Each structure stands twice: as C-alpha cells, then as structure tokens.
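Report on the structure
As a plain string of letters, each chain reads:
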Amino acid sequence: MRILVTGGAGYIGSHTCLELLHGGYDVVVVDNLCNSNPVALERVQALAGKSLTFYQGDVRDLALLRRIFQEQEIDCVIHFAGLKAVGESVSQPWRYYDNNLNTTLALTKVMEEAGRKNLIFSSSATVYTASNTMPLQETSQTGGCTNPYGWTKFMTEQILSGISHADPAWSVCLLRYFNPIGAHESGQIGEDPRGIPNNLMPYITQTAIGRRERLSIFGDDYDTPDGTGVRDYIHVVDLAKGHVAAVNYTVAHQGVEVFNLGTGKGYSVLDMVNTFQQVNQVSVPYQIVARRPGDIATCYADPEKSERMLGWKAEKDLADMCRDAWNWQCKNPQGYQA
Ligand code: NAD
Ligand code: UD1
C-alpha cells in the first residue's frame, strides 16, 4: 500500500514515515520544508533501511499535486502539512488561514480528480470548547476557538466532513492529537523547533542543556492538584503508530470518523519537570510566572474509541517520553542544523 504523507519531514510526519516504512508501506512525502529539515527524511530512511520518495514543494500547488497523483498510485493520504504556532497565528492570521485551509482544499480537489478518496487529517484537541468536562470524548462540544490556528483545525474538520457527507466514497479520519512529545528512541529524529520553543517539553530540554536560562511555568494557581496546568502528553512514536492504525481503518471503511489520540492521563507542569529531572538526572531551573493568556487548567482525552475501533492504544509512559526527549536533545544540541 502506498501512502502520501504531506508535511512528512516535520516532527510528527517523520516519526510516522518511519513507522509506515517499518510496517511495509511505500511512502511518498510532499513537504515545502518551511518548518523542517530534509536531514530528517535521510535519517528516517537510514533507520528503516528502506527508501521513500520525496517531492519538495507546496501542498497548495495544484500542478505539483497532479504530477504526484499521476506518477504514484496513492492508496491513502496523511495530511500533516500545516503551520502550528498558536501565538504566530494571532499575529499572522491570513498566513495561517491561507496555508492551513488552502492545503486541504488543493489536496482534496486533486484527490477527487484522481479518484483517490482516503484521507487522514491532523486535527488537535484545541478544537474542543474550553468549558467541556474531562475527559474529552469525540462527542464533546467543539468550537469557540481562541486563536486562528484553532479555527483552521475546526474549519478543516467541517470542510472534510462536508466533502465526506456529499460523496460517500470518501473515507476520512479526523485525528485529534493531545500533546505529542518525546522522540524516536534512537535519538536520530525528534522535535526541532525554530527560535524560542512555545511548547513545554522543548523548552525543558533546551533549558536542561543550557540553551535557555530557566523555564517559566505559566501559573501555579489553577484548580489542579499542584496548581500548574494539566495536559495529556503522548509519546510521538505512539502517536505515529496511531496513524498506521488509522490508515488500515481508513482504507477499510467509508464516511467520516473522529478519533482522540491521547493516553487518557493528565500530568501537571511540575510533574513533567520533576519526572524529567529524576529520569535524566539533570537539573531544570524554573520560575513561576503569570498564566499564559488562552491556557486552560486541565485537558485530557478519553482514548476509549480509538482503542475499540482502531485497535490502538498508547503504550509508552512519562518516563519514556522524558528519556527519549533528552536523548534526542543531547545527540542533537542544535537540532538538525548541526
Ligand atoms: P511540523 O511543523 O514539524 O510539521 C509540519 C510540516 O508541514 C513541516 O515539515 C512543514 O515544512 C510542512 N508544511 C507546512 N506547510 C506546508 C505547505 N503549504 N506545503 C508543504 N509542506 C508544508 O509540525 P508537527 O508538530 O509535525 O505537526 C504536524 C501536524 O499536526 C500539523 O498540521 C499540526 O497542526 C498538527 N498538530 C500538531 C500538534 C503538536 O503538538 N505538534 C498537536 C496537534 C496537531
Ligand atoms: C499548545 C497550544 C495548542 C496546541 C498544542 C499542541 C497554546 C495556548 N495551545 O497546547 O493549541 O494544539 O500546544 O501543539 O499554545 N507551559 C509552561 N511553560 C512553557 C510552556 C508551557 O508552563 O514555557 C505550560 C502551559 O501553560 C501548559 C503546559 O505547559 O499548562 C503545556 O503547554 P504547551 O506545551 O504549550 O501545550 P498546550 O498549551 O497544551
């Protein structure tokens, strides 16, 4: 089976390409490298001992997409390509709407033309309304997003659901990721954010290695056991395996289905810092600062539907996530650039 992976050079995409190659799938990647490095794909192929096909270009480019679908017999598409920095989406909304919506519109147009209608989309827990009770189920309320990034995920879910309802030949999986962290256990591929990291784990690893002076913990007065924010952190390799399960589901079914990809467990910021220090025997200096605007106290998944229908369940624990994130950071102190 041949899988087209858009955004396959990125953090989650590269780990998913590796799991697909391990699973015996043929992999075709299209990525414009706007937030990634081609070294990631070289390392994926070295780890797998197999090659993949790489097209460098933009998913909004209809001519490129048509060429790919002419040259390759694509059985299923995993659509990761998108911009993902929440703060940046507030200051550059047009760029986010253009990139994140027009990639999906171009892709589905060319898939329709080619008669290839199996699609998996990278959505996010950010589509859930903040007032939901935990754990979040796929039926929990969505909408009321607080930033353009979140709206692009919400709107893309609407677009793909509409396409799927209009033509039952489509098979669409909307995967709502919780908080992916960690890296492949080899330390060869991992998360390589540009500039100052927005997310917690890369900030922790860059602090531990001395690239940042100290971690700022955004608020210790939330209604949580220790006052710091609680999230459902999931190992990126477990997440990647969730995509392989979703491919098998998508090609065997029709219609649209939504799945949470999370562990079902919530950990606080202090849990993360303490576990990281303990597992890796390294210090992470931190200070408590004001809450970050837009943050909520607690967010974690009910992963029961994914286990029941995809036959997939996260297997790695917080110690694995902390150990693998640190191993990647130590082997690649400056990310792929070094
Ligand atoms: P990433 O930035 O590492 O990967 C995205 C990839 O898409 C990059 O390689 C980038 O170069 C590519 N890309 C972006 N726009 C493109 C375009 N127009 N044409 C071609 N390639 C393009 O991000 P990631 O963390 O791997 O996330 C992958 C997907 O999962 C994104 O859609 C993101 O919004 C979604 N997601 C991520 C998280 C997370 O915490 N990382 C959580 C929820 C959802
Ligand atoms: C963020 C995004 C969300 C996106 C998700 C996955 C925001 C508001 N939300 O979620 O839309 O889907 O990433 O990419 O950006 N924290 C600190 N110090 C830091 C960084 C984070 O204390 O330097 C805390 C946060 O307050 C939060 C937790 O750590 O409680 C996790 O933060 P983060 O990794 O940014 O993920 P989310 O906020 O859950």
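The notes below deal with the structure included here. (Residues numbered from 1 in each chain as written. Chains lettered and ligands numbered in written order. Predicted model: local features only at pLDDT ≥ 70, side-chain atom pairs only at ≥ 80, totals over all residues. Heavy atoms only, no water.)

Focus: the sheet that holds strand S12 (residues 267-268)
Taking strand neighbours across the sheet as the criterion, the three strands line up as S12-S9-S14 in an open arrangement whose pairing is mixed. Only two strands of the sheet have a single partner each, and these edge strands are S12 and strand S14 (298-299). Sheet topology places strand S9 (residues 230-231) next to S14; two bridges connect them, and they run parallel. Pairing of valine 230 across the sheet is with threonine 298, part of S14. (Pairing = 2+ DSSP bridges. Helix = DSSP H or I, 4+ residues; strand = E, 2+ residues; numbered from the N terminus.)

Re the site of ligand 1
The immediate surroundings of ligand 1 are formed by 28 residues, with Ile12, Asp31, Asn35, Ser36 and Lys84 found nearest. The protein chains hide 95% of the 820 Å² of surface that ligand 1 would expose on its own. Elements with a minimum of two residues in the shell around ligand 1: helix H1 (11-22), helix H5 (93-114), strand S5 (118-124) and helix H6 (148-166). Considering every element that reaches the shell around ligand 1, the biggest residue donor is S5, with three residues. (Near = heavy atom within 4 Å. Areas by Shrake-Rupley, 256 points an atom, 1.4 Å probe, with all protein chains shown as cover.)

With respect to the site of ligand 2
Neighbouring ligand 2 are 18 residues, the closest being Leu200, Ser216, Arg231, Arg292 and Asp295. Out of a free accessible area of 740 Å², ligand 2 has 87% covered by protein chains. Sort the elements by how many residues they give to the shell around ligand 2 and strand S8 (residues 215-218) lands first, with four residues. For the shell around ligand 2, the per-class residue count stands at eight nonpolar, seven polar and three charged. (Nonpolar A, V, L, I, M, F, W, Y, C, P; charged D, E, K, R; others polar.)

Regarding the layout of surface pockets
Here the second largest pocket defines a volume of roughly 180 Å³. For the lining of the second largest pocket, the residue count by class is six nonpolar, two polar and five charged. (1 Å grid on protein atoms, 1.4 Å probe; cavity = no way out; pocket = protein on both sides within 12 Å on 5 of 7 lines; lining within 4 Å. Points joined across faces, edges and corners; volume = space filled by probe spheres on them.)

Digging into the packing of aromatic side chains
Scanning the entire structure with this criterion turns up five aromatic pairs. Ring centres of tryptophan 151 and phenylalanine 154 lie 5.3 Å apart, and the angle between their planes is 90°; this geometry places the pair in the edge-to-face category. Here phenylalanine 154 and tryptophan 151 lie together in helix H6, a separation of three residues that amounts to about one turn. On the basis of an interplanar angle of 75° and a centroid distance of 5.7 Å, the ring pair of phenylalanine 276 and tryptophan 326 is categorised as edge-to-face. Of the two residues, phenylalanine 276 sits in helix H9 (residues 269-280) while tryptophan 326 sits in helix H11 (residues 318-331), which places them 50 residues apart along the sequence. Look at phenylalanine 276 and you get buried, because its relative accessible area is 0%. On the accessibility criterion, tryptophan 326 (14% relative accessible area) is buried. Positioned over the ring face of tyrosine 222 is arginine 291, at 4.0 Å from the centre of the ring. The lysine or arginine in question, lysine 305, covers the ring of phenylalanine 259, its NZ or CZ lying 5.1 Å from the ring centre. (Phe/Tyr/Trp six-rings, centres within 6.5 Å; stacked < 30°, edge-to-face > 60°. Buried < 20%, exposed > 50% of the residue type's maximum accessible area, 1.4 Å probe, protein only. Lys NZ or Arg CZ within 6 Å of the ring centre and 35° of its normal.)

What to know about the side chain of arginine 231
Note that arginine 231 resides in strand S9. No salt bridge is formed by the buried arginine 231, whose closest oppositely charged neighbour, aspartate 295, lies at an N-O distance of 4.2 Å. At 3.1 Å, the side chain of arginine 231 forms a polar contact with the backbone oxygen of isoleucine 296. If we ignore the near neighbours within four places in the chain, the residues touching arginine 231 are Asn179, Lys265, Gly266, Tyr267, Asp295, Ile296, Ala297, Thr298 and Cys299. (Lys, Arg positive; Asp, Glu negative; His and termini not counted. Salt bridge = Lys/Arg side-chain N within 4 Å of Asp/Glu carboxyl O. Polar contact = N/O pair within 3.5 Å; in protein donor to acceptor, adjacent residues only side chain to side chain. Contact = heavy atoms within 4.5 Å.)

A closer look at the pattern of salt bridges
Per the stated rule, a full pass over the model turns up 18 salt bridges. For glutamate 113, the salt bridge is made with arginine 66, and the minimal N-O distance between the two is 2.8 Å. Here arginine 66 lies in helix H3 (residues 62-71) and glutamate 113 lies in helix H5, a separation of 47 residues in the sequence. The partly exposed category is assigned to glutamate 113, whose relative accessible area is 46%. Across the salt bridge formed by glutamate 257 and lysine 305, the nearest N and O atoms sit 2.8 Å from each other. Residue glutamate 257 is found in strand S11 (residues 255-261), and its partner lysine 305 is found in helix H10 (residues 304-310); the two are separated by 48 residues along the sequence. A relative accessible area of 24% means that glutamate 257 is categorised as partly exposed. We classify lysine 305 as buried; its relative accessible area is 14%.

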